[in-house]
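# A look at the structure
Listed here are the chains, written in short residue letters.
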Amino acid sequence: MTMRCRTVREGMEVRGFTADHPPDYGEILRCTHCGLCLNQCPTFRVLGWEPDSPRGRIYLMRAVAEGRLEINPDFREHMEVCLACRACQTACPATLSFGRLVEAARWQVLQTLPLSPPERLIRALVFGGILAHPSLLALLSRGLWLYQASGVRALIRRNGLITRLPPALRNMEEMLPDRLPSRFLPTGRRYPAVGERRGRVALLAGCVMRTLLAPIQEATVRVLTRQGFEVVIPRGQVCCGALHVHAGERRRAQALARRNLAAFTREEVDAILVNAAGCGVAMKEYGDLLKDDPHWAEAARTFSAKVRDVTEFLDAVGLRPPLRRIAGRAVYQDPCHLAHGQGTRAQPRRLLRAVGLTVLELPDGDLCCGSAGIYNITHPEIADALLEEKVTQIRRLNPERVVTANAGCLLQLAMGLRRNGLSIPVQHVIEVLDEATAG
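The text that follows walks through the structure, step by step, so that each part is easy to find. (Residues numbered from 1 in each chain as written. Predicted model: local features only at pLDDT ≥ 70, side-chain atom pairs only at ≥ 80, totals over all residues. Heavy atoms only, no water.)

Broken down by element type, the protein chain carries 24 helices and nine strands. Dimensions of the protein chain along its principal axes, counting C-alpha atoms only, are 65 × 50 × 40 Å. Classification of the 439 residues of the protein chain by burial places 55% in the buried group. If you take every contact in the protein chain between residues at least 6 apart in sequence, the share linking residues at least 24 apart comes to 77%. For the protein chain, the exposed area adds up to about 19000 Å²; of that, 56% sits on carbon and sulfur atoms. Across the protein chain, the mean location of the 58 positive side-chain charges is 4 Å away from that of the 44 negative side-chain charges. (Helix = DSSP H or I, 4+ residues; strand = E, 2+ residues; numbered from the N terminus. Buried < 20%, exposed > 50% of the residue type's maximum accessible area, 1.4 Å probe, protein only. Contact = heavy atoms within 4.5 Å. Areas by Shrake-Rupley, 256 points an atom, 1.4 Å probe, with all protein chains shown as cover. Lys, Arg positive; Asp, Glu negative; His and termini not counted. Charge placed at Lys NZ, Arg CZ, Asp CG, Glu CD.)

See below:
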């Protein structure tokens with residue numbers, strides 16, 4: 001094995017590759033090629049093409065690691081068309097960490113293949129600009145609010161102009177909430193516990209959650225304080241870096257992680273809470289992201305050990321009475337990065353049943369809805385195919401509400417239901433709990 005690893009490193013050097021965090025070769029070798037991942041992979045189900053399955057992508061990663069294949073545009077496409085939903089991890093009998101493998105492969109591609117000038121500009125604008133600076137994201141969000149408040153949005157939709165947009169732009173516009181908030185969740189704030197104090201927690205403000213979905217963050221604060229927890233929203237926090245990691249932007253993700261560690265470690269809290277599944281995975285993996293950083297590795301491991309999804313946390317501490325009973329039938333859609341990335345499945349369902357809802361299960365309910373960060377923008381055709389399948393299943397069950405626990409899933413499902421003329425509300429679990437715990 002030692003000789004093979006040396007050969008692999010030499011082969012990478014000959015081809016101009018870098019050994020800086022490529023996919024873990026030992027992890028690649030643990031794949032038994034059994035194929036149990038195939039039917040769980042959304043892209044394989046849509047495309048039916050082996051290289052666009054987890055097993056096929058691992059074959060390609062191994063060929064690159066062993067010097068039998070050069071990284072080329074085809075390799076890049078097979079890595080980028082993956083939703084990184086991690087459903088294959090749930091199905092894998094060898095429990096491979098495929099999510100980390102494909103993220104490392106994307107980082108490897110980014111280091112190896114030159115980007116076109118437009119690609120460099122877009123990445124710099126999105127990953128280095130908007131997502132890295134909360135003030136820029138807030139400015140963009142206010143522009144979107146003005147777009148709606150001015151009536152321009154209604155005019156475009158009424159005249160059918162939306163259907164003439166390219167699929168990516170159409171998805172971006174149609175995913176916007178029906179009512180955009182005019183104010184955002186502030187950072188640097190503390191909210192006292194209501195009644196008997198049970199503890200103190202910190203909350204990730206987030207990007208989309210703090211701006212476009214600020215009412216959900218406000219509901220999160222209300223639920224937690226009503227449940228007896230003081231809530232602190234640390235000043236200086238930034239984007240968690242999840243979208244950066246998914247896109248292979250490892251260096252920028254590490255920079256954001258360090259800024260968040262500096263912000264959150266100033267606070268003494270029992271837990272660090274997040275209500276967006278993709279953000280939760282990224283934050284729980286800060287220890288891996290910064291494992292080679294001598295200054296931050298230990299702090300990152302300590303931080304990650306405290307991170308909890310808000311549904312995971314509330315289920316563990318238990319909802320205290322009084323609770324308002326909410327009758328009705330609800331479909332719960334598993335966010336991929338909550339179910340497959342964090343193993344949190346039963347907890348949201350228990351919370352919904354605790355307030356009186358009947359929880360309906362979708363066939364293949366934990367199959368990705370097509371959101372996957374910005375996948376519905378970068379690969380709208382595949383995302384739309386997955387969304388249509390999900391909407392068809394929801395229509396058959398005819399629930400009174402659809403509930404999920406992730407921002408992207410919420411926006412994606414709401415868009416799909418509107419497109420199909422279904423007036424079924426889509427809510428975050430925390431919105432249901434806010435309704436149930438209101439005095």
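Counted at 1.5 Å a residue, the expected span for helix α22 (residues 380–397) with its 18 residues is 26 Å, and the 26 Å between its end C-alpha atoms agrees. Buried within α22 we find P380, I382, A383, L386, L387, K390, V391, Q393 and I394. Packing partners of the buried residues in α22 comprise α3 (42–47), α11 (167–174), α21 (375–378), β8 (401–404) and α23 (407–419). Phi for N398, located one or two positions after α22, is positive at around 50°. (Expected span 1.5 Å × (residues − 1).)

Hydrogen bonds between backbone groups are what pair the strands of a sheet, and the pairing can be parallel or antiparallel. With mixed pairing, five strands are arranged side by side in an open sheet as β1-β3-β2-β4-β5. Taken across any chain shown, the strands that pair with only one partner, and hence form the sheet edges, are β1 (189–191) and β5 (307–309). Neighbour to neighbour, the strand axes of the sheet diverge by 30° on average, direction disregarded. Where strand β2 (residues 199–203) meets strand β3 (residues 229–233), four bridges bridge the pair, whose relative direction is parallel. Its bridge partner being in β3, A202 is matched across the sheet by V232. Contacting β4 (271–274) and β5, helix α17 (residues 297–306) crosses the sheet at an angle of about 30° to β5. Docked against the sheet, helix α18 (residues 310–317) engages β2, β3, β4 and β5, running at close to 90° with respect to β5. (Pairing = 2+ DSSP bridges. Axes fitted to C-alpha atoms, helices over the stretch in contact; angles between N-to-C directions.)

This part covers helix α5 (residues 73–80). Buried residues of α5: F75, R76, H78 and M79, and no others. With its buried residues spanning 165° around the axis, α5 presents them on a single face. Seen from the buried face of α5, the exposed residues on the opposite side, beyond 90 degrees, are P73 and D74. Buried-residue contacts for α5 involve α4 (54–65), α7 (98–112) and α8 (117–130). Residue N72 occupies the N-cap position of α5, its side-chain oxygen lying 3.1 Å from the main-chain nitrogen of D74. (Arc of directions from axis to C-beta. Polar contact = N/O pair within 3.5 Å; in protein donor to acceptor, adjacent residues only side chain to side chain.)

Right, let's talk about the pairing of β8 for a bit. The side-chain alternation of β8 yields two buried faces, one formed by R401 and V403 and the other by V402 and T404. The pairing of strand β6 (residues 329–332) with β8 spans three bridges and is parallel. Of the residues in β8, the one forming a bridge with Y332 is V403. Two strands pair when backbone bridges link them, and β8 and strand β9 (residues 426–428) are joined in this way by three bridges, in the parallel orientation. Bridge pairing in β9 places V403 opposite Q427. In this region the chain leaves β8, passes through α23 and returns to the parallel neighbour β9; the handedness of that crossover is right-handed. (Right-handed = clockwise from strand over helix to strand, strands pointing away.)

As summarised here, the arrangement of the four strands in space is β7-β6-β8-β9, forming an open sheet in which the pairing is parallel. Looking at which strands have only one partner, the edges of the open sheet turn out to be β7 (358–360) and β9. Adjacent strand axes in the sheet meet at a mean angle of 35° when their direction is disregarded. Looking at chain direction, β6 and β7 are connected through three bridges and run parallel. Each residue of the ladder has a partner; that of A330, found in β7, is V359.

As a further point, take the packing of α4 against α5. At a minimum axis separation of 10 Å, α4 and α5 run at an interaxial angle of 140°. Our classification of the angle between α4 and α5 gives oblique. The way α4 lies across α5 gives a crossing that is left-handed. Contact with α4, carried on its side by R57, L60, M61 and V64, involves F75, H78 and M79 of α5 and no other residues of that element. Classifying every residue of the contact of α4 with α5 gives five nonpolar, one polar and one charged. (Parallel < 35°, antiparallel > 145°, perpendicular 65-115°, else oblique. Left-handed = near helix turned anticlockwise from the far one by under 90°. Nonpolar A, V, L, I, M, F, W, Y, C, P; charged D, E, K, R; others polar.)

Core analysis: the largest hydrophobic core is formed by 82 residues, its most contacted members being M283, Y286, L314 and L433. Broken down by element, the residue count for this core peaks at eight residues, all from α23. For L433, the residues in contact, after removing those within four places along its chain, are V223, L314, L319, L351 and V355. By size, the runner-up hydrophobic cluster in this structure holds 23 residues, among which are M79, V102, A105 and V109. (Core = buried A, V, L, I, M, F, W, Y, C linked by side-chain atoms within 4.5 Å.)

Take the pattern of salt bridges next. Counted under the stated rule, the structure contains 36 salt bridges. Between R419 and E174 there is a salt bridge whose closest N-O contact spans 2.5 Å. Here R419 is found in helix α23, whereas its partner E174 is found in helix α11, with 245 residues between them in sequence. By relative accessible area, E174 is classed as buried at 11%. A network of salt bridges, in which partner residues are shared, links R86, R100, E103, E285, D288 and K291. (Salt bridge = Lys/Arg side-chain N within 4 Å of Asp/Glu carboxyl O.)

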